[in-house]
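# Secondary and tertiary structure notes
Chain by chain, the residues:
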Amino acid sequence: MEKIDLAGKNIFVTGAAGFIGSYLSERLLREVPTATIIGIDNMNDYYDVRLKEARLKKLKGYDHFIFVRGDIADKTAIDSIFSQYKPSVVVNLAAQAGVRYSITNPDAYIQSNLIGFYNILEACRHSYDGGARGVEHLVYASSSSVYGSNKKVPYSTDDKVDNPVSLYAATKKSNELLAHAYSKLYNIPSTGLRFFTVYGPAGRPDMAYFGFTIKLVKGETIQIFNFGNCKRDFTYVDDIVEGVMRIMQGAPERKNGDDGLPMPPYNVYNIGNNSPENLLTFVDILQQELVSAGVLPPDYDFEAHKKLVPMQPGDVPVTYADTSALERDYGFRPSTPLREGLRRFARWYVSDENPMK
């Protein structure tokens, strides 16, 4: 592991107005005041842009944050950022998210998740031109969805992941393959992170906990897929960010193999809670915390507002992270209990910080 001191560095965060991107950027701005954070986001309307604008407003309060409104699929924009700021660490979190949306809007996934990531890899490759030190570490978001319909649980990064059940999953697996090739060919230290169902305040409204809340507040019925027989490894956003922060500062080591050629400085880790929760349990805790925070009235008839329905195309029945490699290499495992995380979300939902209220 090559240690990287973030102090004084230029750090490029893509998807900076997104859920994880904004949390990571804010923590970097708070804790590494000598670093400059360059953020890019296209501010698309996949979900309510007011959320992205509210996240971005907080980041713009820091004088060492530079924001570029642009798209990672725009090669010129990416090349220009690398040329101007010469980032030492790159964290690629920009992506078209969502399994179900990939079924109806495949173009968005090819643009952002494939072409966009390719542009990042090319820019990293050319950052070494002319003998420059270039990018010390590329960290990028993969997803638990790459495990597809794997029967073996918990999911280990040693498992074969050649059976994606959605285009979204296929693009994330492709990112890992592209990163491996570029790490091998150009000696780019890269680490992929398979995130497991990230949730928390100011999250994504297309995620179940947020979407359920919006519907319950409106008195609408929520649909619980696979008749409630789904298990998800829900991971609180602060745990995700803690993992990313640690990994950013420890890059895979560059070294040569027996043939004298560089071995790819490449790693992939799971970041999950290592504790899957049944969807019905999750929904029950959510409604309790929504009542407790005053989002829903104490006498809310929850049973009348839920409907058990079959599995959706592209979904999987269980996600469960084996985080032993993360613990071994970085001394960290996510630990925020689901109730605690949902309580923080519920309190945020009724607060003035929620721009969608």
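Scroll up to find the structure this text is about.
Below or above, wherever it landed, is the structure these notes cover. (Residues numbered from 1 in each chain as written. Predicted model: local features only at pLDDT ≥ 70, side-chain atom pairs only at ≥ 80, totals over all residues. Heavy atoms only, no water.)

## A word on the sheet that holds strand E15 (residues 266-271)
One key point about sheets: their strands pair by backbone hydrogen bonds, in either a parallel or an antiparallel sense. Read from one edge of the open sheet, 7 strands run E4-E3-E2-E5-E6-E7-E15, paired in parallel fashion. Only two strands of the sheet have a single neighbouring strand rather than two, namely strand E4 (65-69) and E15. For this sheet, the mean inter-axis angle between neighbouring strands, taken without regard to orientation, is 15 degrees. One ladder, built from 5 bridges, connects strand E2 (residues 10-14) with strand E3 (residues 36-41); its direction is parallel. Note that in E3 the partner of Ile-11 across the bridge is Ile-37. Together, strand E6 (137-143), strand E7 (190-195) and E15 form the strand contacts of helix H6 (residues 167-186), whose direction differs from that of E6 by roughly 155 degrees. Its contacts with the sheet put helix H8 (residues 237-248) on E2, strand E5 (89-92), E6, E7 and E15, and the angle it makes with E15 is roughly 160 degrees. (Pairing = 2+ DSSP bridges. Helix = DSSP H or I, 4+ residues; strand = E, 2+ residues; numbered from the N terminus. Axes fitted to C-alpha atoms, helices over the stretch in contact; angles between N-to-C directions. Contact = heavy atoms within 4.5 Å.)

## Description of the packing of helix H1 (residues 19-31) against H8
For the pair H1 and H8, interaxial distance at closest approach is 10 Å and the crossing angle is 60 degrees. Accordingly, the angle class assigned to the pair H1 and H8 is oblique. Classified by chirality, the crossing of H8 by H1 is right-handed. Every residue of H8 that contacts H1 at Phe-19, Ile-20, Tyr-23, Leu-24, Arg-27, Leu-28 and Glu-31 is listed here: Val-237, Asp-238, Ile-240, Val-241, Glu-242, Val-244, Met-245 and Met-248. Residue classes in the contact of H1 with H8 are distributed as 11 nonpolar, no polar and 4 charged. (Parallel < 35°, antiparallel > 145°, perpendicular 65-115°, else oblique. Left-handed = near helix turned anticlockwise from the far one by under 90°. Nonpolar A, V, L, I, M, F, W, Y, C, P; charged D, E, K, R; others polar.)

## Some details on unusual backbone geometry
Cis geometry marks the peptide bond from Val-153 to Pro-154; its omega dihedral reads -5 degrees. Inspection of the secondary structure puts Pro-154 in the loop between E6 and H6. Of note, the phi angle at Asn-226 is positive, near 55 degrees, even though the residue is not glycine. Looking at where Asn-226 falls in the secondary structure, it is placed in the loop between strand E9 (222-224) and strand E10 (231-232).

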